Amino acid sequence: MKYSIIGGEILKSDEYINVINPSTEEVIEKVTIANKEKTREAIDLAYDSFKILSNMPLKDRCKILIKASETIERRKEEIARLLALEAGKPIKDARIEVIRTINLFKIAAEEVRFVLEGKIPRVDAYEYPPGNENRIVMEIREPIGVVGAILPFNFPVNSFAHKVAPNIATGNTVVVKPSSSTPLSAIELASILYECGLPKGSLSVVVGPSSVVGEEIIENKKISGITFTGSTNTGLYIASKAAARGKRFMMEMGGSDPVIVLDDVDLSKVVPVTVRARFEYAGQNCNASKRFFVHEKIYEKFIEFYKENTSKIKVGDPLSEYTDMGPLISSEALKQMQEYVNDALNKGSKIIFGGKRLYDKGFFFSPTIIIDTNLDMRCMREEVFGPIAPIARFSNIEEAIEFANSVDYGLQAAIFTSDLKKALKIAKEIKSGSVMINDSTRLRWDALPFGGVKLSGLGGREGVRTTIINMTEPKIISINLA
């Protein structure tokens, strides 16, 4: 049995959820869940502990993060295996996520001193208010209080680090609601932070249904800010309620990242990158390449190469060193993939690879290629959180841009061409938070702002520096020397 963590103490309860291994459909652990009262207790503890954590010298908060980073480093294989078991993430990819987490804790400890260092504006440069020559003005940033962090299932380790490390560095206390599908790694990381000296009450990991834990985080007056990663519908719901209650919020939501391939590329270099960008972690990444637009001159050749590379993907046990792609997170996700396939077939497309469930046990779905797609198909309009690659052709740049911008999402995009001038022209016209030229949409720099436009993001970009800025308040202090 694993336990939710309420302010540093384990929550013993008769109520629990089963954590399922998505590759075997077997129960790997039971985790106690919190009711509304226990969730409120976690928030109360965080509220009471805020003064202690925020008044702790910055160097001491940073020491906790550095020590946690070192502890995770020592236990990285154990945490990677836990992640592979609960999330179905291939062990090779799980190790990468843990390495990113180690670095995130370090980056937060390093960057916070620069973001919070403040400045002294020269107010004597201004005519008004009178008497500025006798004033010293300081601009500082202060933590906002208790932050509610709602995590996705697909990056439970890295997302924990993104939402917790910068806030702890800043002096905010945090109440974490992990996905019920992948709560184990969040509990493990919270335990490590307490081992490394985090003051009791400063952090809780509260497992439970969104209707109970999530709603209390949204509604509770002691929560000052909410950081969320997940679906667009949920993000919009949280943002609307948070805004109505005057809470700070950061919503990192869905994506349907387009890939535009011009006719002047070397397909032997482009195709392996785009295959990896679509099928990594069974396509369950918000910034996975989800729609492909290929110039008509190379369309047939691209498909040939894409199918050849896709056929080499090894689907199987996430703990195997040879596995490239594991299962989907749930049986519901399996059902959704089949619905996307059926919709595309009914509307005139063709399946040239995959298109079906694999194996009798586990939530495995074959890497799937759909060709001759159009904008009427669900797989070209919605965020497909699974291993389906719809490919369409275009005739000119204007058409490619129109296709790329045809959805309500705008997270990331990719352009492949040997003509940098064309690439920059297209990049300027695409409505997205980031555009990668001759590279994967899966690129992300953890220290830099990450997020999107339209229905892909609201309230501020996620990243170490941007999280610190978004979850602090600027304050002006003026000293009159006259």
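Structure shown above.
Report follows, based on the coordinates. Computed from a predicted model, the values in this text were never measured in an experiment.

A few points about the environment of Lys312
Logical step 1: Locating Lys312 in the fold gives a position in the loop between α10 (299-310) and α11 (331-346).
Logical step 2: Put simply, Lys312 and Gln336 are 24 residues apart on the chain and 24 Å apart in space, counted from C-alpha to C-alpha.

Some details on the sheet that holds strand β11 (residues 257-261)
Logical step 1: Within the open sheet, the 7 strands sit side by side as β13-β16-β17-β12-β11-β19-β20. Their pairing is mixed. The open sheet is flanked by β13 (350-353) and β20 (434-437), the only strands paired with a single partner. This sheet shows a mean twist of 25 degrees between the axes of neighbouring strands, independent of strand direction.
Logical step 2: For β13 and strand β16 (residues 368-371), the ladder comprises 3 bridges, and the chain directions are antiparallel. Looking at β16, one finds that Lys350 is bridged to Ile371.
Logical step 3: On top of the sheet, α10 reaches β11, β12 (289-295), β13, β16 and β17 (388-394); it is set at about 165 degrees to β17, its chief contact.

Things to note about the layout of surface pockets
Logical step 1: Space inside the second largest pocket adds up to approximately 230 Å³.
Logical step 2: Every residue lining the second largest pocket is counted, 14 residues in all, and those nearest its centre are Ile96, Arg100, Phe155, Glu280 and Arg442.
Logical step 3: Of the residues forming the lining of the second largest pocket, the biggest block, 4 residues, is contributed by helix α4 (residues 91-115).
Logical step 4: Of the residues belonging to the lining of the second largest pocket, the class tally is 5 nonpolar, no polar and 9 charged.

What to know about the nonpolar core
Logical step 1: Core analysis: the biggest nonpolar cluster contains 118 residues, and Phe160, Leu193, Leu203 and Tyr306 have the highest contact counts within it.
Logical step 2: Discounting residues that sit within four places of it in the chain, Leu193 has contacts with Ile64, Leu65, Ala68, Phe105, Phe160, Val164, Leu198 and Leu203.
Logical step 3: Ile6, Ala42, Ile218 and Phe228 belong to the second largest nonpolar core, which has 22 residues in total.

Remarks on empty space enclosed by the protein
Logical step 1: Counting across every chain of the model gives 1 cavity of 30 Å³ or more.
Logical step 2: Taken as a whole, the largest cavity holds about 60 Å³ of empty space.
Logical step 3: Pro258, Ala404, Tyr409, Gly410 and Lys431 are, among the 15 residues lining the largest cavity, the residues nearest its centre.
Logical step 4: Going through the elements one at a time, β11, β18 (409-410) and β19 (412-416) are the ones with two or more residues in the lining of the largest cavity.

Let's talk about unusual backbone geometry
Logical step 1: Along the chain, Tyr128 connects to Pro129 via a cis peptide bond; the corresponding omega equals 0 degrees.
Logical step 2: On the secondary structure map, Pro129 appears in the loop between α4 and β5 (135-143).
Logical step 3: Residues other than glycine seldom take positive phi values, yet Asp372 does so here, at roughly 55 degrees.
Logical step 4: Residue placement: Asp372 occurs in the loop between β16 and β17.
Logical step 5: By relative accessible area, which is 28% here, Asp372 ends up partly exposed.
Logical step 6: Of note in this structure, Asn438 is not a glycine but carries a positive phi near 55 degrees.

Quick look at the pairing of β11
Logical step 1: Among the 5 residues that make up β11, 5 are buried, leaving the element largely enclosed by the rest of the structure.
Logical step 2: By the alternation rule, side chains of β11 split into Asp257, Val259 and Val261 and Pro258 and Ile260, which are all buried.
Logical step 3: As judged from the 5 bridges shared by β11 and β12, these two strands associate in the parallel manner. Counterpart to Ile260 in the pairing with β12 is Phe293.
Logical step 4: Pairing geometry for β11 and β19, over 3 bridges, is parallel. The partner of Val259 across the bridge, within β19, is Ala414.

Observations regarding helix α7 (residues 210-219)
For an α-helix, the turn length of 3.6 residues means that residues three or four places apart are oriented alike.
Logical step 1: Within the span of α7, buried status applies to Val213, Gly214, Glu216, Ile217 and Ile218.
Logical step 2: Against the buried residues of α7 lie α1 (36-55), β6 (146-150), β7 (173-177), β9 (223-229) and α8 (232-244).

Digging into the side chain of Thr173
Logical step 1: By the secondary structure assignment, Thr173 is in strand β7.
Logical step 2: For Thr173, a relative accessible area of 0% translates into the label buried.
Logical step 3: At 2.9 Å, the side chain of Thr173 and the backbone oxygen of Ala46 are in polar contact.
Logical step 4: Setting aside anything within four residues of it in sequence, one finds Thr173 in contact with Ala46, Tyr47, Ser49, Phe50, Leu53, Gly145, Val146, Val147 and Ser202.

Criteria and cut-off values
Residues numbered from 1 in each chain as written. Predicted model: local features only at pLDDT ≥ 70, side-chain atom pairs only at ≥ 80, totals over all residues. Heavy atoms only, no water. Helix = DSSP H or I, 4+ residues; strand = E, 2+ residues; numbered from the N terminus. Pairing = 2+ DSSP bridges. Axes fitted to C-alpha atoms, helices over the stretch in contact; angles between N-to-C directions. Contact = heavy atoms within 4.5 Å. 1 Å grid on protein atoms, 1.4 Å probe; cavity = no way out; pocket = protein on both sides within 12 Å on 5 of 7 lines; lining within 4 Å. Points joined across faces, edges and corners; volume = space filled by probe spheres on them. Nonpolar A, V, L, I, M, F, W, Y, C, P; charged D, E, K, R; others polar. Core = buried A, V, L, I, M, F, W, Y, C linked by side-chain atoms within 4.5 Å. Buried < 20%, exposed > 50% of the residue type's maximum accessible area, 1.4 Å probe, protein only. Polar contact = N/O pair within 3.5 Å; in protein donor to acceptor, adjacent residues only side chain to side chain.

Function-wise, these values are silent; they only describe arrangement.
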